[in-house]
Amino acid sequence: MKLTIIGYWGAYPGKNEGTSAYLLEGENTKILLDCGSGAVARLQNHINLATLDAVVLSHYHHDHVADIGVLQYSRVVDMNLKGTTEPLHIYAHKDDLMEFNRLGKKPYAEVFSYNSNGPLSIGPFTFSFQKTNHPVPCYAMKITDGSKSFVYTADTTYDEALIPFIQGSDLLITETSFYEDQEAKTYGHMNSKEAGTLAEKSDVQHLILSHLPHFGSHNQLVEEAKKYFSGNIQLAASDLVWPKEN
Ligand SMILES: [Zn+2]
Ligand SMILES: [Zn+2]
């Protein structure tokens, strides 16, 4: 599998960058995890939009779904004018039915629901989901291709119920919305200490800090998380690829 960070900012995108969006590729399958602001523009640095098979949405906050409307318009254009025949598959939860029902329409999109009861297969990938602690319903996702696996927390407070869900993964991508001395729980998020602690208790080897704040110095987030986590830590960045390419 190949995972590319398309957008990593919390709340709104930094200049020429994007909020939460991650491109997952493997065996001719291309999936976007969340579709934040800037995702459609930035995704085209990596793939032709018509070749995207599916989008999996963690929740309906703007910084995770801002571009889902225009991504569907790209499929309308591609299907009507460029000869693409495959609709965009959108996977989302039904805990907010109004938001779910606003997602795409046939023939350009097909919408499917997921939940935490069972796994979901998309191409070579198996997804499992666990609800997080956030002001609106949100799901962390664990994704494996049978050889490698990672967990993307999406948005959440520090929640030890995530530990068994994360254990055994090669990589953890945590949201890290605040610095160690800042209270994050009130906002439904984690700070750097909590991100590091979650990774340490989950026994992962590699941690990527993402959903980054628009204040302070991001390197400080790494220094703070390092105090609580003994594995490799990396800051999310545009176009960063995991596993690292040789
Ligand atoms: Zn959120
Ligand atoms: Zn968010």
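It should be emphasised that the depicted structure is a prediction, and the values quoted were computed from it without experimental measurement.

What counts as what
- Residues numbered from 1 in each chain as written.
- Chains lettered and ligands numbered in written order.
- Predicted model: local features only at pLDDT ≥ 70, side-chain atom pairs only at ≥ 80, totals over all residues.
- Heavy atoms only, no water.
- Buried < 20%, exposed > 50% of the residue type's maximum accessible area, 1.4 Å probe, protein only.
- Helix = DSSP H or I, 4+ residues; strand = E, 2+ residues; numbered from the N terminus.
- Arc of directions from axis to C-beta.
- Contact = heavy atoms within 4.5 Å.
- Donors = N, O, S within 2.8 Å, 3.2 Å for Na, K, Ca; no water.
- Core = buried A, V, L, I, M, F, W, Y, C linked by side-chain atoms within 4.5 Å.
- Pairing = 2+ DSSP bridges.
- Axes fitted to C-alpha atoms, helices over the stretch in contact; angles between N-to-C directions.
- Tetrahedral: all angles 85-135°; square planar, octahedral: opposite > 155°, others 65-115°.
- Polar contact = N/O pair within 3.5 Å; in protein donor to acceptor, adjacent residues only side chain to side chain.
- Lys, Arg positive; Asp, Glu negative; His and termini not counted.
- Salt bridge = Lys/Arg side-chain N within 4 Å of Asp/Glu carboxyl O.

*Asks:* Even after reading the chapter, I still don't get helix α7 (residues 218–226), so can you show me in this structure?
*Replies:* What α7 keeps buried is the set His 218, Leu 221, Val 222, Glu 224 and Ala 225. Each buried residue of α7 lies within a common arc of 165 degrees when the element is viewed along its axis, so the set occupies one face. The inward-facing, buried residues of α7 abut α6 (192–201), β12 (206–210) and β13 (232–235).

*Asks:* Would you mind going over the coordination of the zinc ion (ligand 1) with me for this structure?
*Replies:* Perfect tetrahedral coordination of a metal by four donors corresponds to 109.5 degrees between them, and perfect octahedral coordination by six donors corresponds to 90 or 180 degrees. For the zinc ion (ligand 1), the protein coordination sphere consists of His 59 (NE2), His 61 (ND1), His 134 (NE2) and Asp 155 (OD), at 2.1 to 2.3 Å. Mapped onto the sequence, the donors of the zinc ion (ligand 1) take the spacing H-x1-H-x72-H-x20-D. For the pair the zinc ion (ligand 1) and the zinc ion (ligand 2), the metal-to-metal distance amounts to 3.5 Å, and Asp 155 bridges them. On the criterion of sequence distance, the pair formed by His 61 in the loop between β4 (54–56) and α2 (62–65) and His 134 in the loop between β8 (125–131) and β9 (139–144) is long-range, its members being 73 residues apart.

*Asks:* Please clarify how the nonpolar core should be interpreted in this entry.
*Replies:* In globular proteins that are soluble, nonpolar side chains generally tend to be buried together. By size, the foremost hydrophobic cluster in this structure holds 51 residues, and its most contacted members are Leu 3, Ile 31, Leu 33, Val 56, Phe 127, Phe 150 and Leu 209. Sort the elements by how many residues they give to this core and β9 lands first, with four residues. The residues contacting Phe 127, other than those within four sequence positions of it, are Leu 24, Ile 31, Leu 33, Val 56, Pro 119, Leu 120, Ile 122, Met 141, Lys 142 and Ile 143. Val 55, Ile 68, Leu 88 and Leu 103 belong to the second largest nonpolar core, which has 23 residues in total.

*Asks:* Please clarify how the sheet that holds β13 should be interpreted in this entry.
*Replies:* Hydrogen bonds along the backbone pair up the strands of a sheet, which may run parallel or antiparallel. Strand order in the open sheet formed by seven strands is β7-β8-β9-β10-β11-β12-β13, with mixed pairing between adjacent strands. The sheet is open, and its two borders are formed by β7 (120–122) and β13, each paired with just one other strand. Geometrically, the sheet is characterised by an average inter-axis angle of 20 degrees between neighbouring strands, direction not taken into account. Note: strand β11 (residues 171–175) against β12, five bridges, orientation parallel. Of the residues in β12, the one forming a bridge with Glu 175 is Ser 210.

*Asks:* Even after reading the chapter, I still don't get the coordination of the zinc ion (ligand 2), so can you show me in this structure?
*Replies:* Of the protein atoms, only Asp 63 (OD), His 64 (NE2), Asp 155 (OD) and His 211 (NE2) coordinate the zinc ion (ligand 2), at distances of 2.1 to 2.3 Å. Given four donor atoms and angles of 87 to 162 degrees at the metal, the environment of the zinc ion (ligand 2) is assigned as irregular. Between the donor residues of the zinc ion (ligand 2), the gaps in sequence give the motif D-H-x90-D-x55-H. According to the relative accessible area criterion, Asp 63 is buried, its value standing at 9%. On the accessibility criterion, His 211 (6% relative accessible area) is buried.

*Asks:* For this particular structure, what's the right way to read the side chain of Ser 169?
*Replies:* Mapped onto the fold, Ser 169 is located in the loop between α5 (163–166) and β11. At 2.7 Å, the side chain of Ser 169 and the backbone oxygen of Ile 166 are in polar contact. Excluding its chain neighbours within four sequence positions, the residues that come into contact with Ser 169 are Lys 142, Ser 149, Phe 150, Val 151 and Val 204.

*Asks:* What exactly am I supposed to notice about the side chain of Arg 75 here?
*Replies:* Take Arg 75: it is sitting in helix α3 (residues 68–81). Nearest to the buried, unbridged Arg 75 among oppositely charged side chains is Asp 78, at 4.8 Å. Within the structure, the side chain of Arg 75 is placed 2.7 Å from the backbone oxygen of Leu 52, a separation counted as a polar contact.

*Asks:* What's the story with unusual backbone geometry in this structure? I'm lost.
*Replies:* Across the junction of Lys 106 and Pro 107, the peptide omega takes the value 5 degrees, indicating a cis bond. Position of Pro 107 relative to the elements: it lies in the loop between α4 (97–102) and β6 (109–114). Cis geometry is found at the peptide bond from Trp 242 to Pro 243, where omega equals -10 degrees. Along the chain, Pro 243 falls in the segment after β14 (241–242).

*Asks:* For this particular structure, what's the right way to read the pattern of salt bridges?
*Replies:* Taken as a whole, this structure holds seven salt bridges when the rule is applied. Lys 131 serves as the salt-bridge partner of Asp 95, at 2.9 Å between the closest nitrogen and oxygen. You can see Asp 95 sitting in the loop between β5 (88–93) and α4 and its partner Lys 131 sitting in strand β8, a full 36 residues away along the chain. Residue class for Asp 95 comes out partly exposed when judged on its relative accessible area of 38%. Between Glu 180 and Lys 227 there is a salt bridge whose closest N-O contact spans 2.8 Å. Linking Glu 180 in the loop between β11 and α6 with Lys 227 in the loop between α7 and β13, this pair joins segments that are 47 residues apart in sequence. By relative accessible area, Lys 227 is classed as exposed at 55%.

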